[in-house]
Amino acid sequence: SGGGGWATAVVSGGRRVRVRPMGERAFLAEVDSLAEVLFLHAALTAARLEAVGDLVPAARTVLIPFDPARVPAATVRAWVESTWAERSDAPTAGAPVSGGPATPVILDIAYDGPDLAETADLLGLGPGELAERHERAEWTVAFTGFAPGFGYLTSPDWTFEVPRLETPRTRVPEGAVGLAGGFSGAYPRETPGGWRLIGTTAAPLFDPSAARPALLSPGDRVKFRGVSAGARAVSVAAGEPPASVPQSRSAPAAIEVRDPGLFATVQDLGRSGHASIGVARSGALDRQALRIANRLVGNPERTAGVEVTMGGFRAVAERDLWIAVTGGFGPIAIDGDPVDPCVAHAWPRGSELAIGWLEHGARAYVAVRGGVEAGGGDANTSAVLGSLATDSLAGLGPDPLRAGTRLGVGRSPQTPVPALDVAPWGAPSDELELALAPGPRADWFEASALLPLFDAVWTVSDAADRVGVRLDGPELARATSGELPSEGMVPGAIQVPPGGRPTVLLADGPVTGGYPVIAVVTDDSLDALGQARPGTRIRFRHARPHP
């Protein structure tokens, strides 16, 4: 159903590609080696099919998203299989990974990592010999993920398998260079991590304002160059790093946040087309609610507004404005006077908008006529990769709102206000029925696991945020143990860790992951899931085939 509820395999010259459904809007093309992944990724990129989105290579797979309203799933599947079958020059499974562009990216590195000596001892080397071998190797970016700009580097010259730390660090500093498995990689920003750290680099690994945000992209060749501590830098043999693109103009501040409530962020409909460099879609979790709010005040549907999680939000207008509040239901007032949701209201200068604690749903959306734009005061609201969406996992976009944040508002559109006399509205339900399309790793689970997936009533746990929703219910028994090599993920993917309790990824979820996906919540059901709060009950049903 949808993206095709089956996996197929095509064998050509002893090589095979298995095409697995990832919901109704993507496929995973699985091959047997990293060398074949890079080859397939390059071949599909060269013969790009219309309506196919950003291809995401990983350890053994290429994620192929597509728009089923523009191209049938069967056409996409046939394109992948024929592209593979027609290329007789594809590498064999045992072939080494070859580099992409002839000119490598040179990364200066100081071999001063806290795990250098211990890692060398694990490998039967001295610290100096480990550093020498790492520097001498010629690396290739196999894929990206984990964080924007984090490249998984592989090399035929590097034959070691390095175990991860038994207890991951809660803080790995920006620029740390580490080893894990057969990979090396450098952390673009401070994050948790379990790789063994052998050095540091000052390279600007990810700069969202640059013409090329990620310094390292899949297929790039990389060379490390040892330097003394304090002399770390980066040079690209082909020339200087790309210049930054101009920042968007600032709009006058028009709103001052007095209290953000539990959690409030600036959101639009997200940033697409950057998954291959590790950037998630992000954007409003209830996209329909934001679209309706914008239409009510005459804005284009993609215009940025404020996403208020669970309520408690208060803000003051610094000039006369028009607003609409949609999504989750709770008390709304302007200067203490109650107002209705899903209706455009005047918000006079100096008056306070208050959204009380939500009684139904998890997120309310505030659209202001003209839209939130790059603004004054202390609001860091510059557009990142064409979007003002706040990505809570990657740290991209505006900072979460806090008391005292001032937001800019753009010029009012020419459309009348209120732009709509009637808008669909109703309180989000505390009981949801969500459609599921097939996942790529259903064969990792016992056949009996599909019964509780669809028969059980699941409950949203307290572990629910913009990254994902963990569900309480029966354990889904695995038939396959061990670790799954990292592969591309999509919003709605239901990952199941070894404990058997599923987590549904949402808009800020990582673009790659290592837990098997048993099924995928359909795109049409994601908005409802974005309104699920702890305690919400969920039942799953099979998705109907896409017409």
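It should be emphasised that the depicted structure is a prediction, and the values quoted were computed from it without experimental measurement.

Chemist: Describe the sheet that holds strand S18 (residues 305-309), and please don't skip the residues or the numbers.
Modeler: Taken in spatial order, the 5 strands make up an open sheet running S17-S18-S25-S20-S23, and their pairing is antiparallel. Edge positions in the sheet fall to strand S17 (263-267) and strand S23 (345-347), since each has one partner strand and no second. Across this sheet, the average inter-strand angle for adjacent strands is 30°, counted without regard to direction. Pairing of strand S20 (residues 321-329) with S23 involves 3 bridges; the strand directions are antiparallel. Looking at the pairing, Trp 322 lines up with Ala 346 of S23. Docked against the sheet, helix H5 (residues 287-296) engages S17, S18, S20 and strand S25 (360-368), running at close to 155° with respect to S20.

Chemist: Could you give an account of helix H1 (residues 34-46), with specific residues and numbers?
Modeler: For H1, built from 13 residues, the straight-helix expectation of 18 Å at 1.5 Å per residue is met to within 8% by its first-to-last C-alpha distance of 18 Å. The element H1 is extensively covered by neighbouring structure, given that 10 of its 13 residues are classed as buried. Residues of H1 that are buried include every one of Leu 34, Ala 35, Glu 36, Val 37, Leu 38, Phe 39, Leu 40, His 41, Ala 43 and Leu 44, and no others.

Chemist: Break down the environment of His 542 for me, citing the residues and quoting the values.
Modeler: Relative to the helices and strands, His 542 resides in strand S36 (residues 537-542). If we skip the residues at most four places from it in the chain, His 542 touches Leu 436 and Phe 454.

Chemist: Any details on the side chain of Thr 83? Residues and values, ideally.
Modeler: Note that Thr 83 resides in helix H2 (residues 73-85). Looking at Thr 83, the relative accessible area reads 9%, which means it is buried. At 2.7 Å, the side chain of Thr 83 and the backbone oxygen of Trp 79 are in polar contact. For Thr 83, the contacting residues outside a window of four places in its chain are Ala 43 and Leu 44.

Chemist: Please give an account of unusual backbone geometry that cites residues and values.
Modeler: Unusually for a residue other than glycine, Met 310 sits at a positive phi of about 65°. One can find Met 310 in the loop between S18 and strand S19 (313-317). A positive phi is found at Asp 335, a non-glycine position, where the angle reads about 55°. With respect to the secondary-structure elements, Asp 335 resides in the loop between strand S21 (332-334) and strand S22 (337-338).

Chemist: So what's going on with the sheet that holds strand S24 (residues 352-355)? Residues and values would help.
Modeler: Strands sit in the order S22-S21-S24-S19-S16-S27-S26 across an open sheet of 7 strands; the sheet is antiparallel. Of all the strands in the sheet, the pair left with one neighbour each is S22 and strand S26 (372-373). Bridge analysis of S26 against strand S27 (residues 406-409) gives 2 bridges, and the strand direction is antiparallel. Paired with Val 372 across the bridge in S27 is Val 409.

Chemist: Which residues make up the environment of Pro 338, and what values do they have?
Modeler: As for its placement among the helices and strands, Pro 338 is situated in strand S22. In contact with Pro 338, other than residues within four places in its own chain, are Ile 332 and Ala 333.

Chemist: Before we move on, could you go through the pairing of S20 and cite the residues and values that matter?
Modeler: Extensive coverage of S20 is indicated by the burial of 8 of its 9 residues. Looking at chain direction, S20 and S25 are connected through 6 bridges and run antiparallel. Paired with Ala 324 across the two strands is Ala 367, which belongs to S25.

Chemist: Which residues make up the pattern of salt bridges, and what are the values?
Modeler: Taken as a whole and judged by the stated rule, the model has 27 salt bridges. The salt bridge involving Arg 169 is made with Asp 115; its shortest N-O contact spans 2.8 Å. Placement of the pair is Arg 169 in strand S9 (residues 169-172) and Asp 115 in the loop between strand S6 (105-109) and helix H3 (116-122), with a sequence separation of 54 residues. Take Asp 115: its relative accessible area is 5%, and that puts it in the buried class. A salt bridge links Arg 541 to Glu 433; the nearest nitrogen and oxygen atoms lie 3.2 Å apart.

Conventions adopted
- Residues numbered from 1 in each chain as written.
- Predicted model: local features only at pLDDT ≥ 70, side-chain atom pairs only at ≥ 80, totals over all residues.
- Heavy atoms only, no water.
- Pairing = 2+ DSSP bridges.
- Helix = DSSP H or I, 4+ residues; strand = E, 2+ residues; numbered from the N terminus.
- Axes fitted to C-alpha atoms, helices over the stretch in contact; angles between N-to-C directions.
- Contact = heavy atoms within 4.5 Å.
- Expected span 1.5 Å × (residues − 1).
- Buried < 20%, exposed > 50% of the residue type's maximum accessible area, 1.4 Å probe, protein only.
- Polar contact = N/O pair within 3.5 Å; in protein donor to acceptor, adjacent residues only side chain to side chain.
- Salt bridge = Lys/Arg side-chain N within 4 Å of Asp/Glu carboxyl O.

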